[in-house]
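Inside the fold
Read off the chains here:
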Amino acid sequence: MDKIPVLKIGDILLITIQVDMHDQLAISLQDDLTARIVKDHAKGVLIDISSLEMVDSFIGRMLGNIAAMSQALGAQTVVVGMRPAVAITIVELGLPMENIQTALNVERGVRKLKSAMDESDKGFQR
Amino acid sequence: MNQPEPETVDLKTGEDIVSARKKVRTGMIELGFTLIDQTKMVTAASELARNTIDYGKGGTMRIEHLVNGERIGIRLIFLDHGPGIPDIQQALKDGFTTGSGLGLGLGGSKRLVNEFEIRSEPGKGTQVTVTRWR
């Protein structure tokens, strides 16, 4: 069965979704990722969806779930690389994206995560 | 333009949703739809195919290429013989679900297509027909 690789870069876990996701794969990604956050003490999760030609309510819900699960484990999630046609479609579909942080590309996503991580470190020192 | 015979895809598992999406994408590319139109229709197909499997207990999707003079379109017909939908107006409302999803499938896919028709009979099944014109 296909598996989505989870890469570790410093405190960040990077996931690049490159296959047309079927439902079982989406569920196994949630399981793998939460396990890796705990194992690797990750503080941030970056999900690159630039290869996804479509985001439907199932994938949208999965992204929201991952963000919420990571948050519960003390890690922030940023979704990057959404294609313009996908952005237009999910707005018409009515997909709620309020709980999902996004950035244009991986570079900006890393910057967003780093500044969020710095903020939370400062809060911890105080 | 040559008009292929309508094709029917079985919808039983999650992987069938992926093949249904691919078939719709290929058909739309053949018919010369824009990338945004393709994305909308493929997304609608994904929502409706999942409904057919989750709520209709499986069924089929039929793809029809519509080439009628200057008018070019694509039509998808989702058919199941599941329990049916007792209250269609309620089912079309965003956020309404009897399952575990977001309740966007029917209402959301209706917004992504040009024509949307739903027929359902409790105990007999549901048929959803969606059309997008180029």
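A quick note: this is a predicted structure, and the numbers were derived from the prediction, not measured.

Residue and element names in this part refer to chain B. Where burial is concerned, the two faces of strand β5 (residues 125-133) differ: the one with Thr-126, Val-128, Val-130 and Arg-132 is buried and the one with Gly-125, Gln-127, Thr-129, Thr-131 and Trp-133 is not. Of the pairings in the sheet, the one linking strand β3 (residues 71-80) to β5 comprises 8 bridges and is antiparallel in character. Looking at the pairing, Asp-80 lines up with Thr-126 of β5. Two elements, strand β4 (residues 115-121) and β5, share 7 bridges in a ladder whose sense is antiparallel. Across the sheet, residue Phe-116 finds its bridge partner in β5, namely Val-130.

This brings us to the interface of chain B and chain A. With 22 residues of chain B at the interface, the matching set in chain A holds 18 residues. Only α1 (14-30), α2 (35-54) and α4 (105-111) of chain B provide two or more residues apiece to the side of chain B that touches chain A.

This part is about the sheet that holds β4 of chain B. Residue and element names in this part refer to chain B. Within the open sheet, the 5 strands sit side by side as β1-β2-β3-β5-β4. Their pairing is antiparallel. Lying at the two open borders of the sheet, with one neighbouring strand each, are β1 (7-11) and β4. For this sheet the average axis-to-axis angle between neighbouring strands, irrespective of direction, equals 15°. Its contacts with the sheet place α1 against β1, β2 (59-68) and β3, and it is angled at close to 160° to β1. Strands β1, β2, β3 and β5 of the sheet are contacted by α2, whose axis makes an angle of about 15° with β3.

Residues and elements named next belong to chain B. With 17 residues, α1 extends 25 Å from end C-alpha to end C-alpha; this agrees with the ideal 24 Å at 1.5 Å per step. Listed in full, the buried residues belonging to α1 are Asp-16, Ile-17, Ala-20, Arg-21, Val-24, Gly-27 and Met-28. Within α1, the buried residues cover an arc of 145° as seen down the axis, which keeps them to one side. Buried positions along α1 lie against β1, α2, β2 and β3. Directly after α1, the chain includes Gly-32, whose backbone phi takes a positive value near 80°.

Cut-offs applied
- Residues numbered from 1 in each chain as written.
- Chains lettered and ligands numbered in written order.
- Predicted model: local features only at pLDDT ≥ 70, side-chain atom pairs only at ≥ 80, totals over all residues.
- Buried ≥ 20, exposed ≤ 12 C-beta atoms within 10 Å, placed from the backbone.
- Helix = DSSP H or I, 4+ residues; strand = E, 2+ residues; numbered from the N terminus.
- Pairing = 2+ DSSP bridges.
- Contact = placed C-beta atoms within 7 Å.
- Axes fitted to C-alpha atoms, helices over the stretch in contact; angles between N-to-C directions.
- Expected span 1.5 Å × (residues − 1).
- Arc of directions from axis to C-beta.

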